[in-house]
Amino acid sequence: SYSYIPANSNQFLKSERDTLLNFKYTGGTDSITYQYLWSPLAEYLLKFVPVWVAPNLITLVAFLILLVVNILFMLPDQNDEIPDWKLVLMAISIIVYQNLDNMDGKQQEEQVHNYLLESSSPLGMLFDHGADAVSAFFLAVQVMKILKLSYGLQLIAIYAFIMNTYFCAMWSQYCVGYFKLGRVNPVDEGLPSYAIFCLVVTQLDLSGLTKYHIIGTVSQEIVLFLTLLLIPQTIYMVKDIFKNRIV
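Everything quoted here is computed from the prediction, not taken from an experiment. (Residues numbered from 1 in each chain as written. Predicted model: local features only at pLDDT ≥ 70, side-chain atom pairs only at ≥ 80, totals over all residues. Heavy atoms only, no water.)

K.L.:
Lay out the pattern of salt bridges with the relevant residues and their values.
P.N.:
Taken as a whole and judged by the stated rule, the model has 5 salt bridges. A salt bridge links Lys145 to Asp77, with the shortest nitrogen-to-oxygen separation between them at 2.9 Å. One end of the pair, Lys145, is in helix H5 (residues 122-147); the other, Asp77, is in the loop between helix H3 (55-74) and helix H4 (84-113), and 68 residues separate them in sequence. Asp77 sits in the buried class, given a relative accessible area of 13%. Taking the shortest distance from any N to any O, the salt bridge between Glu81 and Lys148 comes out at 3.4 Å. Taken together, the positions of Glu81 in the loop between H3 and H4 and Lys148 in the loop between H5 and helix H6 (151-176) put the pair 67 residues apart, joining distant regions of the chain. One salt-bridge network, in which partners are shared between bridges, spans Asp77, Lys86 and Lys145. (Salt bridge = Lys/Arg side-chain N within 4 Å of Asp/Glu carboxyl O. Helix = DSSP H or I, 4+ residues; strand = E, 2+ residues; numbered from the N terminus. Buried < 20%, exposed > 50% of the residue type's maximum accessible area, 1.4 Å probe, protein only.)

Dropping the structure here:
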C-alpha cells in the first residue's frame, strides 16, 4: 500500500482512493533501437546499482544532471557564440539522462521481482513524467539558443516540441490506460539524434542561421522541418484514443 495516501482524508473520494491504491503503470515502446541497444545497455548498467536503490532516486539524479548542465549551457557566452565544450557536455548529459531514465523503470521491475515493491506507484509515475516534461522544456530552450530563434519562433518551438507532443502522449495514456512510444519516437531516437546534433554543431559555422534562404531564414526553415517531423509521432500517440472512440 502507499503510505502517502491517507486512509481517512477529505482530499479523495473513496472511489478515487481505491483507484490510486489499485494503480499500476503500464508502458512500453516499439522502438528497434530500444530493443537492441538502449534496453540491453540499461540492464547491463543496472548490474552496478544496488537493488535497494529507489527508482525515484535514479530519476532524481538524471534530472539534476540535466538541470546543472542546462544552467551552464544557458549562461551568457562571449560574442553570443556557444563554446564547443558546452555542446559536448550537453551531448554527454543527454545520453546519461536517457540511460538513467531507462534504468529507473528496470530498477522498479527488479524491486517488484525481489518483493521490495508491490508495483509502480502513481507518485513514481508522476515524478518520472514530471521530470521528463521539465527536461523536454530544457532541451527545447537549448535548441532555441543554438538556432538563434526570434521570440515569436521561440513560442512556436515551445508549443510544437513540448506542449503539443507531450500533451498528446499524456492524453493518450489517460484515455487508454497505458503509455506507448512508436517505432521511431522522440525518446529512443530523438534524444540520441539531439546529442549527435550538438556534436555536429561544434563543426559548423552558425553565422548564416539568420540569413534569408527559401521561405524564410535558415532557423525558421529548421523549426518548420522539425515541426512537420513531429506530426506523424503526434498522430501515433492519439490514434488509439479515436480508434477506441475514447475522448
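Structure shown, so let's carry the discussion forward.
K.L.:
Residue-level account of the environment of Tyr174, with values.
P.N.:
Note that Tyr174 resides in helix H6. With 67 residues separating them in the primary sequence, Tyr174 and Ile241 have C-alpha atoms 9.5 Å apart.

K.L.:
Provide a residue-level description of the packing of H3 against H5, including the pertinent values.
P.N.:
When two helices pack together, their arrangement is captured by the angle between the axes and the distance separating the axes. Viewed as axis vectors pointing N to C, H3 and H5 meet at an angle of 15°, and their least axial separation amounts to 10 Å. Overall, the two elements H3 and H5 adopt an arrangement that is roughly parallel. Like other packed secondary-structure pairs, H3 and H5 cross with a definite hand, here left-handed. Contacts between H3 and H5 involve Asn56, Thr59, Leu60, Phe63, Leu66, Leu67, Asn70, Phe73 and Met74 from the first element and Gly124, Phe127, Asp128, Ala131, Val134, Ser135, Phe138, Val141, Gln142, Lys145 and Ile146 from the second. Here the residues of the contact of H3 with H5 sort into 12 nonpolar, 6 polar and 2 charged. (Axes fitted to C-alpha atoms, helices over the stretch in contact; angles between N-to-C directions. Parallel < 35°, antiparallel > 145°, perpendicular 65-115°, else oblique. Left-handed = near helix turned anticlockwise from the far one by under 90°. Contact = heavy atoms within 4.5 Å. Nonpolar A, V, L, I, M, F, W, Y, C, P; charged D, E, K, R; others polar.)

K.L.:
Give me the nonpolar core: which residues, what numbers.
P.N.:
Leu87, Met90, Ile94, Ile146, Tyr194 and Cys198 are the most contacted members of the largest nonpolar core, which totals 34 residues. Broken down by secondary-structure element, the contributors of at least two residues to this core are H3, H4, H5 and helix H7 (190-201). The greatest single-element share of this core, amounting to 8 residues, is contributed by H5. (Core = buried A, V, L, I, M, F, W, Y, C linked by side-chain atoms within 4.5 Å.)

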